[in-house]
Amino acid sequence: MKKRNKTLVILSILGLISTALTGCGKKDGVFTIGVSQYVEHAALDASYKGFVDALAEAGYVDGEKIKIDYQNAQGDQSNTNTIATKLVNDNNDLILAIATPSAQAVANATKDIPVLVTAVTDPYDAGLVESNEAPGGNISGTSDLTPVRKQFELLTQLIPDAKKVAILYTSSETNSKIQAQIAREAAEEFGLETVDATVSNTNEIQQVVESLIGKVDAIYAPTDNLIAKAMPTVAMVANSSELPIICGEKGMVESGGLATYGIDYYELGKLTGQQAVQIIEGKAKTEDMPIGYLAEEDCELTINEDVAKQLGIEIPADLK
């Protein structure tokens, strides 16, 4: 082979290698992280912020040592699948999936790229891991399982005459169905009767809440993404009819709910970010990384005093 031809062959091979390396997740020493968030609302937004802040505190600032590609599905399941495919095809080094629908879409899209999930109540029940203690695959992360029993105890403190409680949630959300079952058990423990009030889309929420007026004494709304997004509507209908809402998390209370005893989603996101640091630095792998939880003692009481006043509810001294 002539020298010129040999040179062309070598250059061609180098070009192919360069193209292959460019297609890999790590480009120019920058660790790439793809993010799929199911929908915008206070809790999930706080989770993402906590994740980014934890990385920054460890020296991994977006645009410097890492590059983050943030995508939001706007509550559309088909969008979660499209986003998952994009993040996988982009060969990110790590993918963060925020909320169960996004996590399930990413899980279906890759078995190779490390994936962290957050704001998922039970990763095992959602089919994401072999067990929450030993995930065994490319997925780990953190759970937003809230202290449902404590929330029902709070309900009995604020609404002592309550006898019947509606559990308001989205019928298609695995995350919510798990919490609804826990809520039924907690309600029974406190001698409360429950009825399921399920919705399948945003358009049904107002009608379903209106149907509860005069039939129940309170509403329990878990950390359901659709309900959280539509809390202003839920609160508008319920509060105008003096129907108190005990919520799964703080953001829902700030949007018109009465109260919650719940986790801090910002801190949950930070915990997930700390897991990401372990993966970036090669100190841990998802298969061996247990699902993380915030301790119950780290949960916080939040009461919307304006709503309590509107509903004529007197806050017990020990809760103030």
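The coordinates are above.
These lines cover the structure that appears in this document, whether it is placed above or below. A quick note: this is a predicted structure, and the numbers were derived from the prediction, not measured.

For the structure shown, the criterion picks out 10 salt bridges. Among the salt bridges present, the one from Glu57 reaches Lys270, with a minimum N-O distance of 2.9 Å. Here Glu57, found in helix H2 (residues 42-57), pairs with Lys270, found in helix H11 (residues 265-280); they are 213 residues apart in sequence, far enough to count as distant. Classification of Glu57 as exposed rests on a relative accessible area of 57%.

One pass over the structure, following the stated rule, counts two aromatic pairs. For the pair Phe152 and Tyr220, a centre-to-centre distance of 4.9 Å together with 45° between the ring planes defines the contact as tilted. Here Tyr220 lies in strand E8 (residues 218-221) and Phe152 lies in helix H5 (residues 148-158), a separation of 68 residues in the sequence. Overall, the relative accessible area of 0% leaves Phe152 in the buried class. A relative accessible area of 0% places Tyr220 in the buried class. Looking at Lys65, its charged tip hangs above the ring of Tyr60, at a distance of 5.5 Å from the centre. Over the ring of Tyr261 we find Lys150, and its NZ or CZ is 5.3 Å from the ring centre.

Its identity as a non-glycine residue notwithstanding, Asn91 has a phi of 55°, on the positive side. Relative to the elements of secondary structure, Asn91 occurs in the loop between helix H3 (77-89) and strand E3 (94-98). Of note, Ala99 is a non-glycine position whose phi angle comes to about 90°, a positive value. Turning to its location among the elements, Ala99 is positioned in the loop between E3 and helix H4 (100-109).

Pairing of strand E1 (residues 31-37) with strand E2 (residues 66-72) involves seven bridges; the strand directions are parallel. Of the residues in E2, the one forming a bridge with Gly34 is Asp69. Between the parallel elements E1 and E2, the chain passes through H2 in a crossover that is right-handed.

Note that Gln310 resides in helix H12 (residues 305-311). Counting along the chain gives 66 residues from Gln310 to Pro244, while the straight-line C-alpha distance between them is 9.9 Å. Sequence-distant contacts of Gln310, defined by excluding residues within four places in its chain, comprise Asn239 and Ser240.

This paragraph deals with a negative patch on the surface. Among the surface-exposed residues, Glu267, Glu296, Glu297 and Asp298 lie close enough to one another that they form a single negatively charged patch. Residue position: Glu267 is located in helix H11.

What counts and how
Residues numbered from 1 in each chain as written. Predicted model: local features only at pLDDT ≥ 70, side-chain atom pairs only at ≥ 80, totals over all residues. Heavy atoms only, no water. Salt bridge = Lys/Arg side-chain N within 4 Å of Asp/Glu carboxyl O. Helix = DSSP H or I, 4+ residues; strand = E, 2+ residues; numbered from the N terminus. Buried < 20%, exposed > 50% of the residue type's maximum accessible area, 1.4 Å probe, protein only. Phe/Tyr/Trp six-rings, centres within 6.5 Å; stacked < 30°, edge-to-face > 60°. Lys NZ or Arg CZ within 6 Å of the ring centre and 35° of its normal. Pairing = 2+ DSSP bridges. Right-handed = clockwise from strand over helix to strand, strands pointing away. Contact = heavy atoms within 4.5 Å. Patch = residues over 30% accessible without salt bridge, like charges linked within 9 Å, V, L, I, M, F, W, Y side chains within 5 Å. Areas by Shrake-Rupley, 256 points an atom, 1.4 Å probe, with all protein chains shown as cover. Lys, Arg positive; Asp, Glu negative; His and termini not counted. Charge placed at Lys NZ, Arg CZ, Asp CG, Glu CD.

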